[in-house]
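Structural overview for review
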Amino acid sequence: MRIVFVSNRLPIVAERGDEGWTTHASAGGLVTALAPLLKRWGGMWIGWAGTAELQGAELAAATREFGERVGYDVAAVPLSTEDYGFFYQGFCNEIIWPLFHDLQSFCNFVPEYWTSAHKVEEAFADVVERNVGPDDLLWIQDYHLMGLGQTLIRRGLRNKLAFFLHIPFPPPDIFCKLPWRLDVLKGLLHYQVIGLQTRHDLNNLSDCVHALLPAAERQEGASELRFEIEGRESIAGVFPIGIDFDEFAGVAATSAVEQQVAEMRQSYAGQQIILGVDRLDYTKGIPYRLRSFGRALERYPELHRKTTLVQIVVPSRETVPEYQNLKGEIERLVAQINGKYTQPGWVPIHHVFRSVERQELLAWYRLADVGLVTPLKDGMNLVAKEYCACQIDMNGVLVLSEFAGASERLGSAAVLVNPYDIDCVAAAIPLAIIMTPEERRPSMEKLRTVVRVENVYWWLGQFLQACGVALNGKMSPTTAGPAGEPAG
Ligand code: ADQ
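A short tour of the structure in this document, coming up. Source: prediction; values computed, not measured. (Residues numbered from 1 in each chain as written. Predicted model: local features only at pLDDT ≥ 70, side-chain atom pairs only at ≥ 80, totals over all residues. Heavy atoms only, no water.)

**A word on the nonpolar core**
For clarity, the cut-off: The definition of a nonpolar core used throughout is a set of buried Ala, Val, Leu, Ile, Met, Phe, Trp, Tyr and Cys residues joined through side-chain atoms within 4.5 Å. Remark: exposure states derive from per-residue accessible area (1.4 Å probe, protein chains only) relative to the maximum for the residue type, with buried under 20%, exposed over 50%, and partly exposed in between. As annotated, the domain borders come from an automatic or database domain assignment. Whether two residues are in contact is decided by their heavy atoms, any of which lying within 4.5 Å being enough.
Ranked by size, the top nonpolar core spans 100 residues in total, and within it Val6, Phe91, Leu138, Ile140, Phe169 and Leu205 carry the most contacts. The two domains that each donate at least three residues to this core are domain 1 (3-241 + 458-466) and domain 2 (245-453). Those residues in contact with Phe91, other than ones at most four positions away along the chain, are Phe86, Ile96, Tyr113, Trp114, Ala117 and Trp180. The next biggest cluster of nonpolar side chains, apart from the first, holds 82 residues, and it includes Val261, Val373, Ala406 and Val450.

**A short note on the layout of surface pockets**
Put simply, the rule is: We place a 1 Å grid over just the protein atoms. Points where a 1.4 Å probe fits but has no way out form a cavity, open points with protein on both sides within 12 Å along at least 5 of 7 lines form a pocket, and any residue with an atom within 4 Å of a point lines it. Grid points are joined across faces, edges and corners, and a volume is the space filled by probe spheres set on the points. The way it works is that DSSP assigns letters per residue, a run of H or I at least four long becomes a helix, a run of E at least two long becomes a strand, and they are numbered from the N terminus. Residues are grouped as follows: Ala, Val, Leu, Ile, Met, Phe, Trp, Tyr, Cys and Pro are nonpolar; Asp, Glu, Lys and Arg are charged; all remaining types, including Gly, are polar.
Approximately 420 Å³ is the volume found for the second largest pocket. Contributing to the lining of the second largest pocket are 22 residues, with Ser223, Gly237, Val238, Phe239 and Gln462 lying nearest its centre. Elements supplying a minimum of two residues to the lining of the second largest pocket: strand 10 (224-229), strand 11 (232-238), helix 15 (407-410) and helix 18 (456-466). Among the residues forming the lining of the second largest pocket, the class breakdown is 10 nonpolar, 6 polar and 6 charged. Domain assignment of the residues forming the lining of the second largest pocket places at least three in each of domain 1 (3-241 + 458-466) and domain 2 (245-453).

**Comments concerning the side chain of Ser401**
Stated formally: As used in this structure description, the phrase polar contact means that two N or O atoms lie within 3.5 Å; if the pair is within protein, one of them must be able to donate a hydrogen and the other to accept it, and residues adjacent in sequence are counted only when both atoms belong to side chains.
Assignment of secondary structure puts Ser401 in strand 16 (residues 397-401). Within the structure, Ser401 has its side chain in polar contact with the backbone oxygen of Pro375 (distance 2.7 Å). Contact partners of Ser401, with chain neighbours within four places excluded, come to Val373, Thr374, Pro375, Ser407, Leu416, Val417 and Pro419.

Below, the structure written as structure tokens:
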């Protein structure tokens, strides 16, 4: 069986230079985990190449050449700028993303966005049909392509269809705001295997099916739910995504990172470092976090001169107005708090607005005394896991939002907070900072055990097993056993 992996974006960065188009692989946990599997099994990745300028023969040549270089097949879905705009900026980013993160007031329910989502699904289906073999497993990724399975079945495809949702699944009272709620839910139930990040998401999906599709039969197993509707069966299960723990921990222990950490320590001598690392996104709760830090400085003057918040933000979706506003709000808050508390030799917040190189990111993770991970809502949140993996000295404290998917497995060994509760987050900061190394170590050990065992290869293995794929030792070197008990 070959795995054909379908996602909104291909793991390609295409750039036009003086001598034509060049491509290189984009970075990210999923790419790192999937690439060896696709290579070993001769799999394929289908998706959009990230630019509408690259089309026709040029697009085919660039993706073929990229595929030869990385060792697995790649097929690009050609989309016009207009279609991609309506589909990605509109349907995905102005409707599904905010709604599924419980932020319905951010939604813009434009009927044309829904039409464009169908058009894009058909374009994806064209490429899938041309490339898929009869025995291939089709594994479709994330909220952009929830309806693709149904489109493929309508076209007569009989392959096994699996789907994984990286973001949360909302409860019925939120999901039902979606004008196309029935179509989306029914579309989802065309997949034979549906993967979700948490038990909470699985319960929400079950409640939505109960509310909107009462004719569907539901059967609850130990760790999964089975739905039967119109003669089709879907199994939905919980598969919390992980990171490549060994890679993070290994690089964090290299002398290059160590040296960078030593230099950082020198510039922050006598300081405890609190670290936030996020994509620029309103779901990540950055303004609330900054206000909480401001409140902590107001309430606990003993933090002055001894504590610095380093907030690293990666630019993202910058053409969308909400994201531009968010950037402005963050800059205003940083300026206000720094304006109020800065003293000679101490600036309370260091705001870094760029994508930082991997080595530097790992140095920050290793340096930070407190990882402040407070999204308003998050499917999983890999930053929480990366922070723990890089805490090789086991001296850090994870302060974690109860609304991050990561809290389901890490919550009992982290300091759990409600990110909307500014006083609560403000109080957690001195609490984490005064913890002694003896108090920090056992919690960090527990967190690291969960992150190490439930790594990205474990996630892949669990999901593929649920799809009936016999792995036969074909997983990565770090394949782990079954999930451990929750930390704590
Ligand atoms: P994201 O919303 O992108 O992912 P997250 O899981 O936190 O969120 O991953 C962010 C990634 O970006 C991390 O790997 C992090 O290292 C990296 N990153 C963040 N800031 C950076 C910076 N300044 N420089 C360089 N790298 C930076 C979606 C869902 C999540 C889910 C993942 C995986 O929204 O909930 O955990 O998919 O399923």
